[in-house]
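Reading the structure
Chain residues, written in single-letter form:
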Amino acid sequence: MKREFLKKIAIPNKPGVYYFLSKGKIIYIGKATSLKNRTKSYFSKDLIRTRGLVTTDMVFKADNLKWSVTDSVLEALILESNLIKKYQPYHNIREKDDKSFLCVVITKEPLPRVFTARARNLKGHSDILKNVGMSKVYGPFTNGAQLREAVNIIRKIFPFLDDKSKNYLEFYRQINLAPDLKDSKLYLQNIKNIKLFFAGKKKQILKNLKKEMGAYAKRHEFEKAGEIKRQMFALKHINDIALVKNSLETRVFPLESNFRIEAYDIAHLSGKSMAGVMTVVENGEVTKSEYKKFKIRTQAGSNDTGALREVLERRLKHEEWTHPSLIVVDGGIAQINVATSIIKKMKLTIPVVSVLKDERHKPKAIMGDEKFTFSHKSAILLANSEAHRFAIAYHKNMRGRNFLPKLKKKNAQ
């Protein structure tokens, strides 16, 4: 698809969901704060550099573009998840483990609870789901931060109990996020409306609420009728400024809809028992199931850059592993140069930044492209911190294993 295609269609400057199609089949679905601005970004001259080969390939294959307008970014987030789950577009699910993404869970209880959980943990979220089971699951959602903000917004409209309510119920009451448990009927109506909202049926909710408000008014239950009126007004004027802000920050320099950061670190003791690790942060959250350990095979002495070279070469040969949107190394320009040379050698396009430490090994600067260091600063520091912690733990484990045979040999003499 070429840029000229956009001139033929009038894409609105409104929130919603867009679809890239190829031969009538949806190959990618995305959400947008502004459909016009978001879709336009796919046709920039430096698409390969800014979005990577996967997205460039998707745009090249696409021959049509469609969209659906929503009343809010919140509804776009939910619609995107529902449509991805329904159509399973190739470029949404390619190389992505949706088991690491968050879902919204509603329990099967007399007074159901609502909370988020990772897809891979649905069968064992604390002891709650083991004991009571699930009534509904929505998702997975690719952006955990946006989902949590969305749940907060919905909770202000339809207060509900969550997995922490047992300990914090009084606190939730004080900030108007806890329901009136004396009226179980009203609470169950809230749960019903939450289910409808995550199913993308806001119009049905408004219809139901109007009917309920009339019924309460006829019975002179004006306080409850007033609460229903408040909910209707909130639904019609969803305040999702935080979601809009989140979308704008993410759009500063997005590579893929699922932004994956891989951080690397090397640990050793005077060059002995050298170990390398890789940690993963996706959309601002750690993904420990994808952490990797590397026992250094080719380096002797305290050659950190040589060890980093070995780790990256071994990692990037695994074409079956999801490619990162950004690589983070620990150190300075030497580490950046090593990583960049390996990526170039492998004929890949992956940006690299480094975290520079002070004498106390605390981060003092992030080196590299400012587009990344600004828009993904917290995620970069998180990934680097995790890599340092993971490397030390792995190195201690290696030293312990190496020490035991020596101790046994000494005791045997």
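Quick note: structure is the one above.
Below is a summary of the structure that appears in this document. (Residues numbered from 1 in each chain as written. Predicted model: local features only at pLDDT ≥ 70, side-chain atom pairs only at ≥ 80, totals over all residues. Heavy atoms only, no water.)

**Brief notes about the packing of aromatic side chains**
Heads up, the rule is: Stacked, tilted and edge-to-face are the three classes applied to pairs of Phe, Tyr and Trp rings, where Trp contributes its six-membered ring and a pair requires centres within 6.5 Å; stacked means planes under 30 degrees apart, edge-to-face means over 60, and tilted covers the rest. In this scheme, a residue with accessible area under 20% of its type's maximum is buried, one over 50% is exposed, and one in between is partly exposed, where area comes from a 1.4 Å probe on protein chains only.
Overall, the coordinates contain eight aromatic pairs when judged by the stated rule. Seen from their ring centres, tyrosine 18 and phenylalanine 20 are 6.1 Å apart, and the 90° between their planes marks the pair as edge-to-face. We classify tyrosine 18 as buried; its relative accessible area is 1%. Since its relative accessible area comes to 0%, phenylalanine 20 is described here as buried.

**Considerations on the side chain of aspartate 330**
What counts, and what does not: Counting from the N terminus, the helices are the DSSP runs of H or I reaching at least four residues and the strands are the DSSP runs of E reaching at least two. Any pair of nitrogen or oxygen atoms within 3.5 Å is treated as a polar contact; in protein, a donor-acceptor pairing is required on top of that, and neighbouring residues in sequence qualify only through side-chain atoms on both sides. Contact definition: two residues touch when any of their heavy atoms are within 4.5 Å.
Locating aspartate 330 in the fold gives a position in strand β11 (residues 326-330). What makes aspartate 330 buried here is its relative accessible area of 15%. Within the local environment of aspartate 330, its side chain forms a polar contact with the side chain of lysine 357, the two groups lying 2.6 Å apart. In this structure the side chain of aspartate 330 is engaged in a polar contact, spanning 3.0 Å, whose partner is the side chain of asparagine 384. Residue contacts for aspartate 330: discarding those within four places in its chain leaves Tyr264, Asp265, Gln335, Val355, Lys357, His361 and Asn384.

**A look at the sheet that holds strand β4 (residues 102-107)**
Our working definition: Note on pairing: DSSP must find at least two bridges between two strands before they are called paired. Lines fitted to the C-alpha atoms define the axes, with helices restricted to the stretch that makes contact. Angles between their N-to-C directions range from 0 to 180 degrees.
The strand order across the open sheet formed by three strands is β5-β4-β6, and the pairing between neighbours is antiparallel. Strand pairing shows two members of the sheet lacking a second neighbour, β5 (114-118) and β6 (134-141), which therefore form its edges. For this sheet, the mean inter-axis angle between neighbouring strands, taken without regard to orientation, is 25°. Sheet analysis places β4 next to β6, joined by five bridges and oriented antiparallel. Opposite leucine 102, over in β6, you have phenylalanine 141 as the bridge partner.

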